[in-house]
Amino acid sequence: QQGYSINNSLRFRSSASAYLNRTPASAGSQTTWTWSAWVKRGTLGSQQKIFTAGSSGSLFSSFEFISGDNFQFYAYNGSTNAYLVTTQVFRDPSAWYHIVFAVDTTQATASNRIKIYVNGTQVTAFSTSTYPSQNFAFPINNNVIHNIGRDNINVAYYFDGYLADVNFIDGSAKTPSDFGETDTITGVWKPK
């Protein structure tokens, strides 16, 4: 978001193959969770993974920018189970974007199973929108490798930019107001 400084960010350089990874010792809820981060892009026009999890090419999930600078969420378990591509593009390398994924596949209504928010507003316009089946268990939050900043299957598609205030909430689908708020003076969405 322009006009607001984000402190304590981590710079990922795709040219240096920079990334973070972790394999949880035990699984948490794979049906209900929230991922939130402040993201600032460094390079445009290429596929870049922000967060991925999975154990093989037949079981994985990822959040990523694609070559058209749209944002995509993808989950595969032998076939495509979830696939959302925003019509919104993210082409401002000077802007911080607050991105939230709130997932609860126990919901009866398919479109309530994944909610994506950018700068406090829910994204509702998708060029592709395939929602997961009810009670689908993502590899995210399982005891498989999780990467921030690259693909864990192909070991490629490195993210180039900054990430700050990356949060993962196990067992609860949160809203953006749990992480950010509108500045009453500037009207800018900012971290809490």
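Note that the structure is predicted; figures quoted are calculated from it, not measured. (Residues numbered from 1 in each chain as written. Predicted model: local features only at pLDDT ≥ 70, side-chain atom pairs only at ≥ 80, totals over all residues. Heavy atoms only, no water.)

Draft legend 1. Molecular detail of the layout of surface pockets. Taken as a whole, the largest pocket holds about 260 Å³ of empty space. Taken together, 13 residues make up the lining of the largest pocket; nearest its centre are R22, P24, F51, H146 and F168. Counting only elements with at least two residues in the lining of the largest pocket, the list comes to β2 (20–22), β12 (146–148) and β13 (161–170). (1 Å grid on protein atoms, 1.4 Å probe; cavity = no way out; pocket = protein on both sides within 12 Å on 5 of 7 lines; lining within 4 Å. Points joined across faces, edges and corners; volume = space filled by probe spheres on them. Helix = DSSP H or I, 4+ residues; strand = E, 2+ residues; numbered from the N terminus.)

Draft legend 2. A look at the sheet that holds β12. Read across the open sheet, the seven strands follow the order β2-β12-β4-β5-β6-β7-β11; overall the sheet is antiparallel. What marks the edges here is a single partner per strand, and that holds for β2 and β11 (126–130). Averaged over all pairs of adjacent strands, the angle between their axes in this sheet comes to 10°, without regard to strand direction. (Pairing = 2+ DSSP bridges. Axes fitted to C-alpha atoms, helices over the stretch in contact; angles between N-to-C directions.)

Draft legend 3. Spotlight on the environment of T43. Within the fold, T43 resides in the loop between β3 (32–41) and β4 (48–56). The sequence separation of T43 and R13 amounts to 30 residues, and the corresponding C-alpha distance is 9.3 Å. Excluding its chain neighbours within four sequence positions, the residues that come into contact with T43 are Q48 and D160. (Contact = heavy atoms within 4.5 Å.)

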